[in-house]
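# Results of the structural survey
Residue strings, one per chain:
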Amino acid sequence: MKILVGYKRVVDYNVRIQVKSDGSGVVTDGVKLSANPFDDIALEEALRLREKGVAEEVIVVGIGPADLTAHLRNGLAMGANRAIHVVTTDAVQPLTAARVFLKLIEKEQPGLFIVGKQAIDDDANQTGQMLAALWDRPQATFAGKIDVSIESGATGKVTVTREVDAGLEVIEAELPAVITTDLRLNEPRFIKLPDIMKAKSKPIDSIEFASLGVEAHDHLKTTHYAAPAKRSKGVMVKDAAELVAVLKQKGLL
Amino acid sequence: MSKILVIAEHLDGKLNPSTARAVSAAIAVKPEAIDVLVLGDSVDAIAADAAMIEGVSRVLTVARAENAHPLAAVLAPQIAKAADGYSHVFAPSTTFGKDVAPRVAALLGVAQVSDVMSVEASHTFKRPIYAGNAIITVEANADHAVVATIRTASWPAANSGSNSAPIEALTLDVTLPTHTRFIELKQGSSDRPDLQSAGKVVSGGRGVGSKENFEIIYKFADKIGAAVGASRAAVDAGYVPNEMQVGQTGKIIAPALYMAIGISGAIQHLTGIKDAGTIVAINKDGEAPIFEIADIGLVGDLFKIIPELEQTLG
């Protein structure tokens, strides 16, 4: 079977985000961009499933401007067989992303669509769930462990251990299905130099957003960006006795 | 006028306090009605709890065997159907709400506002992005329903007890999928206060050093009646189970007292505790970032300080 992996490019997680003083956005000029860490985990899991013989082909899919190809090459260098680039200069919100991915699914007929549980820029945590709804297929969000058993082709089932507030929930879903990945699912591999060379010859299929027939129907309008309220710097105490005294004074102990 | 449907979260026949927090956010919209929807196999006790929350107009229940466990694929079509006629659908931004709400939004063909921190107007909300490093104001289209998840740490639980909203059973004509099945839930058994609603929380980090050493955190927490949390590093290292993780990808909490012990304070952890009343940091590294946001800091060896704290408390 094929596995499609949603692979988003975001501001690198080590960058300290600065809000523009006029509240029109965050500073992104000259800021380092990287793969969304949760999507790297999604890709790693897809590659491991291919290495186990569960899948034959891993395809990374991204939506973004022309220069997104460099990012998709990283996914290819990590080990994906090929990439699909849906080209648009517009910012895409989760519902639109899900509609785009559904179009790609209709074309590719994968057994699994794996994507990070959230992107660390908008922190929306929506795309996988929305895609599963539009596709009318199972969703297994916040995956910490995945076991796939294939009957034939793309039919089979997946057992997923989900990291939920109450503990670990195990569910079983028929394929095809959508899985969103949590942090502890795996540790993504590092890209080696020879892999970067090899990735140069792997295919990236470019599709114009407009040609997919997806209505970019984004309903949310961001009107203002602000820096979060800062907590004021506190006091240092010298020992346990003083700490207890301060907490008692505040009525906290 | 606004009419809000709040999706109840529950487990083992009990209403989760996150529901009353979502009701608080609903009240802030100043709607003409707030109805709570309870989907379960056995709903009576949960519905009775929900009916007591102040501000709730009606409690609607759907009792079906398929609703025994919170499977998003099963619940979402029922919620989407029940949402007919409502201007807003709210769910708590817990793993339950995060799982099901986007599926509902997609079925309704509308965008979702995740992690609502404040309500500015009926369709205008504030929410965090970039792990809380920026707060955006978003406007949803008022021509159709708004689906939103409510950042529970930003909202107090609506008062409970004085209300007795009517409870009505709903019959929804929806075909439910059978492609997703619940197998089991492995949850730690604990007599300690619930991490997400506790007034006091004691958390340990990598500095605690091992699963065995974590006993010192449990013991101290029990002494002051606190829930126990942990940093991602402590969970990744296997000291404690995942459900104890506090931070961007774990639980976002707002206790009156938060004690971070042996936690350096990665930005992802700080995201989870920003709304705490008083933050206490105990760390042997005086340069640790946790001291930047702590209200009270104490530099030193936790294995020496915690016994001293216990001794001082008597």
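Our structure's up above, just so we're on the same page.
Let us look at the structure shown here. Treat the numbers as computed from the prediction; the structure is a model and nothing was measured.

## A short note on the pattern of salt bridges
By the definition in use, this model includes 33 salt bridges over all chains. A salt bridge links Arg9 of chain A to Asp67 of chain A; the nearest nitrogen and oxygen atoms lie 3.0 Å apart. Placement of the pair is Arg9 of chain A in strand 2 (residues 9–11) and Asp67 of chain A in the loop between strand 4 (57–64) and helix 2 (68–78), with a sequence separation of 58 residues. Here Arg9 of chain A falls in the partly exposed class, since its relative accessible area comes to 22%. Classification of Asp67 of chain A as partly exposed rests on a relative accessible area of 46%. Here Arg58 of chain B makes a salt bridge to Asp35 of chain B, at a shortest N to O gap of 2.9 Å. Residue Arg58 of chain B is located in strand 5 (residues 58–63), and its partner Asp35 of chain B is located in strand 4 (residues 33–40); the two are separated by 23 residues in the primary sequence.

## Considerations on the sheet that holds strand 11 (residues 146–150) of chain B
Two orientations exist for strands paired in a sheet by backbone hydrogen bonds: parallel and antiparallel. Residues and elements named next belong to chain B. On the basis of which strands lie adjacent, the open sheet formed by 7 strands has the order 7-11-6-1-4-5-12 and parallel pairing. Because the sheet does not close on itself, it has two edges, and the strands there are strand 7 (112–116) and strand 12 (167–169). Adjacent strand axes in the sheet meet at a mean angle of 25°, parallel and antiparallel pairs treated alike. Here strand 7 runs beside strand 11; their pairing, made up of 3 bridges, is parallel.

## Here we look at the pairing of strand 10 (residues 134–139) of chain B
Regular strands have side chains that alternate between both faces of the sheet. Residues and elements named next belong to chain B. Most of strand 10 is tucked away, with 5 of its 6 residues classed as buried. Summarising the sheet, strand 9 (residues 124–129) and strand 10 pair through 6 bridges and their orientation is antiparallel. Pairing of Arg127 across the sheet is with Ile136, part of strand 10. Connecting the antiparallel pair strand 9 and strand 10 is a turn made up of 4 residues, with Tyr130 showing a positive phi of about 45°.

Rules used throughout
- Residues numbered from 1 in each chain as written.
- Chains lettered and ligands numbered in written order.
- Predicted model: local features only at pLDDT ≥ 70, side-chain atom pairs only at ≥ 80, totals over all residues.
- Heavy atoms only, no water.
- Salt bridge = Lys/Arg side-chain N within 4 Å of Asp/Glu carboxyl O.
- Helix = DSSP H or I, 4+ residues; strand = E, 2+ residues; numbered from the N terminus.
- Buried < 20%, exposed > 50% of the residue type's maximum accessible area, 1.4 Å probe, protein only.
- Pairing = 2+ DSSP bridges.
- Axes fitted to C-alpha atoms, helices over the stretch in contact; angles between N-to-C directions.

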